[in-house]
Amino acid sequence: MQLKFRPILLELRHPFRLATGSRTHTNAMLTEIHWHGLTGYGEAAMPPYYGENHETATSFLQRAAEVLLTHTMPQRLQMTEDYLQNIMDEIDALALGNHAAKASVDIALHDLWGKMEDRPLWQLLKMEPDNMPVTSFTLGMDEPEILRQKMLEADDFQIIKIKIGAENDREIIRTIREITDKPIYADANQGWKNREEALEIAHWLAEQNVRIIEQPFPKDDLDSAAWLSARSPLPIIADESFQRFSDLDKVANCFHGVNVKLMKCTGIAEGLRAVKAAKSRGLQTMVGCMTETSCGIVAAALIAPLCQYADIDGCWLIRNNPFKMPDLVDGKVRLSDKSGLGLKMRL
Ligand code: MG
């Protein structure tokens, strides 16, 4: 199998303001795995805070390409979930970190598998599309006038995700509430410092039709997360504190749930394992994303039917998506009936 890749800068529709800073682009890598005339597509989306970039991904994917070349896969040999997992184990063992770069290989392998079988991936993975949750649409922090403009763009979405975690959380929520009464997922992005104040605002948020709070405290402050989770009227969901499957033990008793993102957990295979394991431990599950093309988003949508919450809006937040947009029906990403991920290039 031949792995090709190229860097791309994803242009954000609006500068993205979080508690930790602001940005206008996301580094990404588009991958293709070629095999006997078929092409599987993958993607690595690399926001700056996880330490990956075009250089790290290029050097990692060069090594991954050598591994894939050793998998000659004669035409008569069928791909299986186990075989795909074996390849990903080899890729994972190449180096620590590089989670998004690894995910770009995993996603392309899955897309290729679907194309080899000429079936949609959700069928191969035995997903139930009827269980797809609605996805939230993320609004960064902004002036009221710009927020109003963004809300118009978000009209097709039934849930709004708001980035909070600064001094003016109540003001932000009040501004949104002047524009819409849609339910809100609030993401503090590690921005809160004080437990008592966090509990107070959690109660206030619950009265504002906020449904969950994501990552209230710095990622390593699990004691504060556990303290708040024991008292909060709203579910507390781990995002930055939960990267890979192996983090599940660490966070299971400190949060009500976990936000699984393919770019953190090296792709679809581990993402599925993480969601299933989290559920079996009684945790709530959310599938999230970075700013990504349709490729990363429809890959994340594959595991969404197993989750209570979906925040897979990344391709609606960028201008230069090289793929056609996924269908959004009643606020839900629709899984394609085409083979593999069902991606189409936007010409
Ligand atoms: Mg988050």
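Attention here is on the structure that accompanies the text. Since we're looking at a predicted model, the values are computed, not measured. (Residues numbered from 1 in each chain as written. Predicted model: local features only at pLDDT ≥ 70, side-chain atom pairs only at ≥ 80, totals over all residues. Heavy atoms only, no water.)

1. Notes on the nonpolar core
At step 1: Core analysis: the biggest nonpolar cluster contains 119 residues, and Val105, Leu109, Trp192 and Leu205 have the highest contact counts within it.
At step 2: A total of ten residues in this core trace back to one element, the largest contributor, which is helix H3 (residues 99–117).
At step 3: If we skip the residues at most four places from it in the chain, leucine 109 touches Met1, Ile33, Leu68, Met79, Leu84, Ile87 and Met88.
At step 4: The next biggest cluster of nonpolar side chains, apart from the first, holds seven residues, and it includes Val134, Ile159, Met286 and Tyr309. (Core = buried A, V, L, I, M, F, W, Y, C linked by side-chain atoms within 4.5 Å. Buried < 20%, exposed > 50% of the residue type's maximum accessible area, 1.4 Å probe, protein only. Helix = DSSP H or I, 4+ residues; strand = E, 2+ residues; numbered from the N terminus. Contact = heavy atoms within 4.5 Å.)

2. Describing the coordination of the magnesium ion
At step 1: Coordination of the magnesium ion by the protein comes from Asp187 (OD), Glu214 (OE) and Asp239 (OD), over a distance range of 2.1 to 2.2 Å.
At step 2: Every donor residue of the magnesium ion comes from the same chain, spaced as D-x26-E-x24-D. You can see aspartate 187 sitting in strand S6 (residues 184–187) and its partner glutamate 214 sitting in strand S7 (residues 210–214), a full 27 residues away along the chain. Of the two residues examined, aspartate 187 and glutamate 214, each falls in the buried class. (Donors = N, O, S within 2.8 Å, 3.2 Å for Na, K, Ca; no water.)

3. Focus: the pattern of salt bridges
At step 1: The full count for this structure, using the stated rule, is 18 salt bridges.
At step 2: With a shortest N-O distance of 2.9 Å, arginine 244 and aspartate 92 are connected by a salt bridge. One end of the pair, arginine 244, is in the loop between strand S8 (236–238) and helix H9 (248–252); the other, aspartate 92, is in helix H2 (residues 81–92), with 152 residues separating them in the sequence.
At step 3: For arginine 244, a relative accessible area of 14% translates into the label buried.
At step 4: With a closest N to O distance of 2.7 Å, aspartate 311 and lysine 161 form a salt bridge. Residue aspartate 311 is located in the loop between strand S11 (309–310) and strand S12 (328–329), and its partner lysine 161 is located in strand S5 (residues 159–163); the two are separated by 150 residues in the primary sequence.
At step 5: Using a relative accessible area of 3% as the deciding quantity, one classes aspartate 311 as buried.
At step 6: Several salt bridges share partner residues, and in doing so they unite Asp92, Lys102, Arg244, Glu270 and Arg273 into one network. (Salt bridge = Lys/Arg side-chain N within 4 Å of Asp/Glu carboxyl O.)

4. Quick notes on the packing of aromatic side chains
At step 1: Counted according to the given criterion, the structure contains five aromatic pairs.
At step 2: A ring pair is formed by tyrosine 49 and tyrosine 50, whose centres lie 5.0 Å apart and whose planes are at 65°; its orientation type is edge-to-face.
At step 3: Classification of tyrosine 50 by relative accessible area gives partly exposed; the value is 29%.
At step 4: On the basis of an interplanar angle of 35° and a centroid distance of 4.9 Å, the ring pair of phenylalanine 137 and phenylalanine 157 is categorised as tilted. With phenylalanine 137 in strand S4 (residues 136–139) and phenylalanine 157 in the loop between helix H5 (144–153) and S5, this pair connects stretches of sequence that are 20 residues apart. Of the two residues examined, phenylalanine 137 and phenylalanine 157, each falls in the buried class. (Phe/Tyr/Trp six-rings, centres within 6.5 Å; stacked < 30°, edge-to-face > 60°.)

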